[in-house]
Amino acid sequence: MVTNANNEKLDYFHAVLLNKLDSSFVVGGVFEDGSFELSVNKHIEYILLISYVGYEKYVVLVDFSQSRHIDLGQIILKEITLDEVTVRAKRPTYKKEDGMTVMNVESTSLSEAGTAIDVLKRTPGVIIDKNDNVNIFGKGSPVIYINGIEVKGNSELKLLQSDDIKVVKIDKNPGARYDADTKAVILIERKKKDSDFLNAEIYNRSFIGRKYSNQVGLQLNNKISRFTNHLGYQWSDDNIIQYPENYEINTQQNYTQYNNSDEKDDLHSLIHSVVFGTEYAIDSLNKLSVQYNGDRTNNDIETTSDQKIFKTNADSIYRKTVSFESNKKTTNSFSSCYRRNFVSDNSLILQYDFANIETDSHDLINENNLNSGTQNGYLITNSGNYKVNAVKSDYNLHYIDSTDITGGIKASCLYSNGSTSMKNIADGDILNNEDNKITDRIIAGYIIIDKESDSYSLKLGLRTERTRSSAYLDGKSVLDTSYFNLFPSASFEYNVNDNLSVSFEYNRTIDRPSFEEINPNIDYIDSLAYQQGNPLIRPMYSQDFCLDFSLWNSIYLSGEYLRNKDERFFSAFNDAQNADILRYSYVNISRSEHLLFDLSHGFVGKKIDTNFSIDVDFPFLDIPYQNNIRKIRKPIWYFSANCDYSFNKNVGVYSNIDYETKGEDGITLWGETCNVSMGIDSNFFNKKLFVKLQVDDIFNKSDMSWKDQYGNIITGQRPDYDLRRIIFSVKYKFNNFKNVFKPNSSVQEEMKRFEQRKR
C-alpha cells in the first residue's frame, strides 16, 4: 500500500520494475487507490521504483529468485515542496504478454464499461453474439476463469462489474493444464481485496429497442476477521421481437420442394441469478472457500409463421403456424476449494464441484392449412435433469531456480436423464414418447515442465484422458464406448531484443459432442421438420501450430495452422420414411484445415486510447453437395476497432466497430455483418455515482444471414434481430465497493455440454 505521511492512499502514482544490470524498463504502470501489483516472467532481482509528483522517489531491490510473491506492506512516500502542477496519466490498455492478449482494465476507461461482458465486447478478437455468448475468432467458445477458478456461464459474467476487474488475458493456445477440449481460455483477474467492513453496490440498466428490457442488481460484501463474504443478486426482464425469414430447398430425384416462412418471434424472459460465497483464511498460507450459484430462467416465446410450401410437381400450399413455447430452467451449483501455499513457493489446490440443472418445456403448435381449411395441433413436452460431479487437484513444485513442475488430476461424471412426448391435441393420441439416459465419465491427469532464462522460456506439457460414454433410449443401449488419448503441448518464446520477440506453440485437443448432439430423442419443430441427436457422432481432434511476433510492444502478428479430424456440423437430412420431412442432426467431416492470421495494434495517449485487430480465416475442407463436392476455400475477414476519449477524469466517450465479411465456414455461407456502437459515461460524487448512455448497432447492420448447403438440401435464414437499442445504466457505490469473492468452479466445460441448440 502506497500512502503519504498521513496514511492517505495515493492515486495515479507510478510503479515500475527496472533491470538491475542496466536499469532498463521491464514492466510498470500508473495505479490508483494506493495499491499496485507487478508480474514478471524471469525470476531474478529487479529495481522497484515508485514515484509521485510532489514526493520523493522510493527505490528498493526486490528478488524474485527467492520468492515468487513479494508483499512490501505499507510504503510511505515523503513529501517535497513543489509549485502547483497538474498531472494526468493513463495505463496502456492493450498489449501482448506470454503469447496472450492482455487488456488492462483497472485505471483505464474499460473500468467503466459496465459488466465483464461489456469489457469482453471491447477486447480484440472476442466476439459476443446476440445472446451474449462469448466466442474467440477461429477458436469458438472459450473456458473462462476468474482469479484462476472456472466460471459456469454468462450469469457470473453479468454479475461481475467492470470496475472490479484488474486485467483480462486471452490465451488462444492453452496447454496441458486445461481440459483437453479447451480451445481457448479467458483469464479475468479481480482487484486486490478490500478490508472495509461492509460494502454495497446497486445498479440498474435499461434497454430500449423494439420493446423495453431492464436489469436490476445488488451486491454486498463484508470482511470480518478471517472471513470474507459476498452476496450478489440480479433480476432481468428481457423482451425481444425479431422477424427472421427461413427457407429450405429439398432437392429430390423427380422434384424439388421449397419451404419459405416469414416469422415473428416475441420473446419474454425473466431471469433470477444469485451468488453467495465465503472464504476463510485459516492462516497466511491456507484458505478454504465455498460458493453457491443459483439461476432460474423462465422463457415464453410466441412464434407466428406464414409459410409457403411449393413442390415443382404439385400445387403450392399455404399455412399459418402459431406456436406458444414455455421453457423453464433451474441451475443450482455448489463449489468448494482448499488452497495451500508453502513457504518454498510450492502450492496445492483441492477442489470439489457439484451442479444440478433441471429443464422443462411445453410447446403448443397450431398449423392451419389455408388451402383446405384444415387444422392440426400438437403439444410437445420436453424435460431433462442433468448432474455433474467433479474433483480436481493441482500441485505446483518450484523445482530449482527458473524451473517449475506442475501436475494434477481430475475426475468428473456427467449424467443426463430426459424425456420427450408429442400428443395430437384433436384426439389425444400420443404420437411419440421417448426416454433417454446419457452418462460420461472422464479421468484425466497432466504434467507441465516450465523452464525460464533471461532470453527464452520453454514449456512442455502432457495430458492424459480416459473417457467412458453410454446412452440409452427407452432402456435400449444406443451408445457404449470408451477411449483413451494423449494430448501433448509445447511452447517456446525467445526475446531477440527489446523490440522483437518470437514464440511458437503447439497444442492437441479434443472436442467432445454435447449431450444434445448425441441425444437420440426426437424434438419436433413442426409437421415438416424435427431435430434429433446422433449417438454415433464422433469427437473432433485438433492439432494447432502457432507462430507469434511482437514488435516494439505495440504491433503483434500471428499465423496459425489448425488441422481437425472429424469436425462436426449441424445440418438437415431427409427423413427415412418421408423425404418431404427434414431431420436436423449432426454429421462428421473427416478432415478440415484452417489458416488463421492476426494483426493487432494498441495505442495510448494523454486523452485517447485505441486498439484494433484484423483477423482472417482461410478454411480448407470438402463438403458433399448435390452429388458433387463443394470445395470450401473462401476466407472470412474480421475487423475490430475500439476507441476511448477522455474529456477529463469524470467524463469520457467511446466507440466500437466490429465488421465481418461474407465467407464460408464449414457447410455455412455467412453474410456480411457490421456493428457500430457509441457511448458516453460519467461519474459523480467522488466516483460513487456512475451514469452511462450507449447506442448499439447504430446503422442496423449487425444481422448476419446464413445458408447451409449439405447433401441435397439447402437451409438458410435472413434474420432481423432486435439488436439496435439504447442502453441507459446507473450505478451507485456505498463505502468504496469492491467485489472481493472469487467464484469457484472446475466444471465449466462439463456444463457447456448441456447447452442446447435450435434450428
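Refer to the preceding data block for the structure.
Residues numbered from 1 in each chain as written. Predicted model: local features only at pLDDT ≥ 70, side-chain atom pairs only at ≥ 80, totals over all residues. Heavy atoms only, no water.

*Asks:* Run through the pattern of salt bridges, naming residues and quoting values.
*Replies:* Tallied over the full model, the rule gives 29 salt bridges. For the salt bridge of Lys169 with Glu189, the shortest nitrogen-to-oxygen distance reads 3.5 Å. Of this pair, Lys169 sits in strand E13 (residues 165–171) while Glu189 sits in strand E14 (residues 185–190), placing them 20 residues apart in sequence. Its relative accessible area of 25% is what places Glu189 among the partly exposed residues. Ionic pairing is found between Asp580 and Lys311, a salt bridge with its closest N-O pair at 3.0 Å. Of this pair, Asp580 sits in the loop between strand E32 (555–574) and strand E33 (582–604) while Lys311 sits in strand E20 (residues 286–311), and the two are 269 residues apart along the sequence. The class of Asp580 is buried, set by a relative accessible area of 16%. Note on Lys311: relative accessible area 19%, which makes it buried. Taken together, the shared-partner salt bridges connect Asp179, Asp181, Lys410, Arg463, Glu465 and Arg512 into one network. (Salt bridge = Lys/Arg side-chain N within 4 Å of Asp/Glu carboxyl O. Helix = DSSP H or I, 4+ residues; strand = E, 2+ residues; numbered from the N terminus. Buried < 20%, exposed > 50% of the residue type's maximum accessible area, 1.4 Å probe, protein only.)

*Asks:* Go over the packing of aromatic side chains, please, and point to the residues and values.
*Replies:* Under the definition given, this model contains 17 aromatic pairs. Through a chain of ring-to-ring contacts, three or more aromatic side chains come together here, namely Tyr506, Phe545 and Tyr561. Its guanidinium or amino end placed over the ring of Tyr255, Lys311 lies 4.6 Å from that ring's centre, counting from NZ or CZ. Cation over ring: Lys731 sits above Phe690, and NZ or CZ is 5.4 Å from the ring centre. (Phe/Tyr/Trp six-rings, centres within 6.5 Å; stacked < 30°, edge-to-face > 60°. Lys NZ or Arg CZ within 6 Å of the ring centre and 35° of its normal.)

*Asks:* Provide a residue-level description of the sheet that holds strand E2 (residues 13–19), including the pertinent values.
*Replies:* The sheet built from four strands is open, its strands ordered E3-E2-E4-E5 with antiparallel pairing. Looking at strand neighbours, the two that pair on one side only are strand E3 (25–31) and strand E5 (58–63), the edges of this open sheet. When strand polarity is set aside, the average angle formed by the axes of neighbouring strands in this sheet is 20°. (Pairing = 2+ DSSP bridges. Axes fitted to C-alpha atoms, helices over the stretch in contact; angles between N-to-C directions.)

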